Amino acid sequence: RMRNDPDAVPNYIYHCNVQNPSGVVAFKTLHAGMGFAKRPMIEKIGGVRNGIPISMIYGAQSWMDPTIGYEVQRIREGEHVSVELILRAGHHVYADDPERFN
């Protein structure tokens, strides 16, 4: 029955993550030790030309650690780097709090 339902996977993912914050917590737990970038942005941030504003947006309930955003502010002292922490959002800030995201 589910094989013919094109919405089965999106619905499953939605329902896994709709419970706040259990979906995010489960995702973090299941991916512990696997969620590291192959080429972390922090290693390349020095190559960004001065004068380019940077905004980093994090959900307060996300599995991502906003510490890197604050480290970018420190590295690019004197440049415009904003770090936004959206309180009622998980990893998908654009979906959890679209008004604040936009």
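Computed from a prediction, not measured in an experiment: that's the story for all the values here.

S.K.: Any chance you could explain the packing of aromatic side chains here in plain terms?
M.R.: Each aromatic ring pair is summarised here by two numbers: the centre-to-centre distance and the angle between the ring planes. Scanning the entire structure with this criterion turns up one aromatic pair. Their ring planes at 70° and their centres at 6.2 Å tell us that Tyr94 and Phe101 sit as a pair that is edge-to-face.

S.K.: Whenever I open this one, the side chain of Asp97 confuses me. Can you help?
M.R.: With respect to the helices, strands and loops of the structure, Asp97 is situated in the loop between α4 (93-96) and α5 (98-101). Discounting residues that sit within four places of it in the chain, Asp97 has contacts with Ile86 and Arg88.

S.K.: Please explain the environment of Pro53 as it appears in this structure.
M.R.: Its place among the elements puts Pro53 in the loop between α2 (22-30) and β1 (54-59). Look at Pro53 and you get exposed, because its relative accessible area is 55%. Each C-alpha atom, one on Pro53 and one on Val81, is 6.0 Å from the other, the two residues being 28 residues apart in sequence.

S.K.: Mind showing me how you'd approach the pattern of salt bridges here?
M.R.: Oppositely charged side chains can pair when the atoms bearing their charge come close. In total, this model carries three salt bridges according to the counting rule given. Ionic pairing is found between Glu84 and Arg100, a salt bridge with its closest N-O pair at 3.8 Å. Residue Glu84 is located in strand β2 (residues 81-86), and its partner Arg100 is located in helix α5; the two are separated by 16 residues in the primary sequence. Take Glu84: its relative accessible area is 35%, and that puts it in the partly exposed class. For Arg100, a relative accessible area of 46% translates into the label partly exposed. Between Arg88 and Asp97 there is a salt bridge whose closest N-O contact spans 3.5 Å. Overall, the relative accessible area of 61% leaves Arg88 in the exposed class. Residue Asp97 is classed as buried on the basis of its relative accessible area, which comes to 9%.

Cut-offs and rules
Residues numbered from 1 in each chain as written. Predicted model: local features only at pLDDT ≥ 70, side-chain atom pairs only at ≥ 80, totals over all residues. Heavy atoms only, no water. Phe/Tyr/Trp six-rings, centres within 6.5 Å; stacked < 30°, edge-to-face > 60°. Helix = DSSP H or I, 4+ residues; strand = E, 2+ residues; numbered from the N terminus. Contact = heavy atoms within 4.5 Å. Buried < 20%, exposed > 50% of the residue type's maximum accessible area, 1.4 Å probe, protein only. Salt bridge = Lys/Arg side-chain N within 4 Å of Asp/Glu carboxyl O.

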